[in-house]
Amino acid sequence: MPVSNTEIAMLFDRLADLLEMEDANPFRVRAYRNAARSIGDYSSSMADLLAQHKDLSTLPGIGKDLAEKIRTIVETGKLPLLEEVEAHTPAALSELMKIEGLGPKRVKALYQQLHITSAEDLERAARSGKLRELKGFGKKIEEKILLRLEHFSGLEKRIRLLDAEVIVKPLLAWLQQTRGVKEVRVAGSFRRRRETVGDLDILVTASRGSEVMDRFVRYDQVKEVISSGKTRSSVILRTGLHVDLRVVTQASQGAALCYFTGSKAHNIAIRKIAVSKGYKINEYGVFKNDRRIAGKTEQDVYRQVGLAYIEPELRENRGEIEAARKNALPELVRLEDIRGDLHCHTRATDGHNSLEEMATAARARGYEYLAISDHSRHLTVAHGLDRKGLLSEIRQIDRLNEKLDDIVILKAIEVDILEDGTLDLPDSLLGQLDLVVAAVHYKFNLPRRKQTERIIRAMDNPCFNILAHPTGRLINERAAYEVDLEKIMTAAKERGCFLEVNAQPARLDLTDSDCKLAKDTGVKVAISSDAHSIGNLDYMRFGVDQARRGWLEADDILNTRKEDELRKLLQRH
DNA sequence: GCCGTTTTCGGCCCGACTGTTTTCAGTCG
């Protein structure tokens, strides 16, 4: 299997950790970290780019040296410089740096003076009171390290956006009730609508002397207070989620919101622009010679550095700044642009509600159409429909459509793509439907080329319209199957097919960068809830968020179309 | 190690909190 971008990024990140311990030039260290991030985020794999003879040094943060190192990694799986460094600085030290409170300097001291290379070594030394004797350490640090070690697994765990929403809601209500508090907002990756969040950044606008900090650390879900100051506090909740709270005054609100929304890479890029114009940006505003010239709103901050306003979902330093400078930012799709849902289930297979209940719920959301796409027979665990079952559902939908006059129920199916690329029901039957959603539900482990061929062969069938959850991944549960998405997107465009952004919070498949790839390829996508109950229809907003992160506009989305336009697009040529 | 609307050399984002210090280094975001 070719070396993945994630693996390359991990090697560079580890190299950065170890170099930091060796007191390497901090800017060189940063260059490796930037490269790791840039590569990890990139939508095409480095291996593919090299196979196509692309010049990697044109990628942001990648110069001649790093391009060559990437080539070596792809060709040999190894990074010689890292191996050289590991000869005198064990790779395991990079793991220790993940423990909160331990950075390069302290880890280096631990290694050089106490020969500690693992979490186990560290725990032993802390228990026997040896840590406090080191210079720069003390009793408190020793205690904290022991506390952190209890829950340290070495893996950073990010939780799904929906789970974060559930956790943050009561906390916001709790903070909102504090005297002197004007506004409470969640910033960070939560506001950028990333599919997972590692921690929560909450920004409170309050008058001076507000008690909000006291109240924050007294919240009954707080397990541990990490730090607590006048403007900034940090806690860990019982769920294990890390929450940072910052308090600012109204005059700084916009600058603070920018600052704490990030991403870090975006902020750094913005601040560099400010510096080149003779300004300084921090969380309190934009300053010229210590005089604040902007900061009340985010719009002010961007305007001051000569940029159009950038939506939070785009703030990843993936080209949005250049686009803002040229006034060429996309006009991102909004939830209100969505006219219907093209993938949902009923009780006929594994859904929880009846056809009529789903229709009523969709109408209540203002939709013009709803496609009922139950499973096909191969998916036995979901009681997939056979010929008879589907015909019965078609008749029921016809009858229901006669009764409804303000929403149209589209006849659809989520048909299995079989191993050989054929569809699970005969064309004569699929031809009677308004649209066909097709999906891979088994044989996830085919080699990349075979999986790609399987899906493209399925698209050759003129009944095929939309490829559901194109990579099959489940966030934090199951990796995507090996597939060449770029090839699939090109094939879909050529054949008049579409890809789905499945809006289930655990799927969000396509990913944000895949959405961008779809846009660049010119293939349109459907944002679909894949609802298995009436409540699930609201997952649509997560799909819209993901699409926005992928730069998609209303025009890039199939289900922003009116019914007649939608039907035209579903006609294969 | 990267990068260029002053630059191919000399810069590289900025502040808060903690603990161990007696004025600041380390870490974090």
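Residues numbered from 1 in each chain as written. Chains lettered and ligands numbered in written order. Predicted model: local features only at pLDDT ≥ 70, side-chain atom pairs only at ≥ 80, totals over all residues. Heavy atoms only, no water.

K.L.:
I keep staring at the packing of helix α20 (residues 448-460) against helix α21 (residues 485-495) and nothing clicks. Help me out?
P.N.:
The relative placement of two packed helices comes down to the angle between their axes together with the axis-to-axis distance. Viewed as axis vectors pointing N to C, α20 and α21 meet at an angle of 10°, and their least axial separation amounts to 10 Å. Accordingly, the angle class assigned to the pair α20 and α21 is roughly parallel. Here T452, I455, I456, M459 and D460 of α20 come into contact with α21, specifically with K487, I488, A491, A492 and R495. Of the residues belonging to the contact of α20 with α21, the class tally is six nonpolar, one polar and three charged. (Axes fitted to C-alpha atoms, helices over the stretch in contact; angles between N-to-C directions. Helix = DSSP H or I, 4+ residues; strand = E, 2+ residues; numbered from the N terminus. Parallel < 35°, antiparallel > 145°, perpendicular 65-115°, else oblique. Contact = heavy atoms within 4.5 Å. Nonpolar A, V, L, I, M, F, W, Y, C, P; charged D, E, K, R; others polar.)

K.L.:
Is there a simple way to explain the side chain of R191 in this structure?
P.N.:
Tracing the chain through its elements places R191 in helix α11 (residues 188-191). Taking the relative accessible area as the measure of exposure, R191 reaches 13% and is therefore buried. In terms of polar contacts, R191 uses its side chain to reach the side chain of T261, at 2.8 Å. In this structure R191 touches R185, V186, L257, T261, E298, Y309, P312 and R315, once residues within four positions along its chain are discounted. (Buried < 20%, exposed > 50% of the residue type's maximum accessible area, 1.4 Å probe, protein only. Polar contact = N/O pair within 3.5 Å; in protein donor to acceptor, adjacent residues only side chain to side chain.)

K.L.:
What exactly am I supposed to notice about empty space enclosed by the protein here?
P.N.:
Empty space among the atoms can be located by rolling a probe the size of a water molecule over them. Scanning all chains against the criterion turns up two cavities of 30 Å³ or more. In this structure, the largest cavity occupies an estimated 80 Å³ of space. For the largest cavity, the full set of lining residues is A255, C258, Y259, H266, N267, I270, R271, I281, N282, V301 and Y302. At the level of secondary structure, the elements contributing two or more residues to the lining of the largest cavity comprise α13 (253-261), α14 (264-276), β8 (280-282) and α15 (298-304). Tallying contributions element by element places α14 first for the lining of the largest cavity, with four residues. Within the lining of the largest cavity, the residues separate by chemical class into seven nonpolar, three polar and one charged. In terms of lining, the second largest cavity is formed by E313, L314, E316, R318, R549 and W551. (1 Å grid on protein atoms, 1.4 Å probe; cavity = no way out; pocket = protein on both sides within 12 Å on 5 of 7 lines; lining within 4 Å. Points joined across faces, edges and corners; volume = space filled by probe spheres on them.)

K.L.:
Got a minute to help me understand the domain arrangement of chain A in this structure?
P.N.:
A common way to report how large an interface is uses the accessible area buried once the components associate. If you check the domain split of chain A, you get domain 1 (5-156), domain 2 (159-247), domain 3 (252-325) and domain 4 (335-570). The centre of domain 2, based on its C-alpha atoms, is set 37 Å off from the matching centre of domain 4. On the side of domain 4, 13 residues touch domain 2, which itself brings ten residues to the contact. For the pair domain 2 and domain 4, the two sides together bury roughly 1000 Å², of which 50% comes from carbon and sulfur. Contact with domain 4 buries area across many residues of domain 2, yet R160, R193 and E195 alone supply 58% of it, more than any other trio. Across the contact surface, domain 2 and domain 4 share four salt bridges. Residue R473 pairs with E195 through a salt bridge whose shortest N-O separation is 2.7 Å. Applying the counting criterion to the domain 2 and domain 4 interface returns seven residue pairs in polar contact (both at pLDDT 80 or more). Those elements giving two or more residues to the side of domain 2 that touches domain 4 turn out to be β1 (159-160) and α10 (161-176). With three residues, α10 is the single largest residue contributor to the side of domain 2 that touches domain 4. (Domains from an automatic or database assignment. Buried area = accessible area lost by both parts, 1.4 Å probe. Salt bridge = Lys/Arg side-chain N within 4 Å of Asp/Glu carboxyl O.)

K.L.:
Is there a simple way to think about the side chain of E313 in this case?
P.N.:
Locating E313 in the fold gives a position in the loop between α15 and α16 (320-325). For E313, the side chain forms a polar contact with the side chain of R548, separated by 2.8 Å. Contact partners of E313, with chain neighbours within four places excluded, come to R192, R193, D545, R548 and R549.

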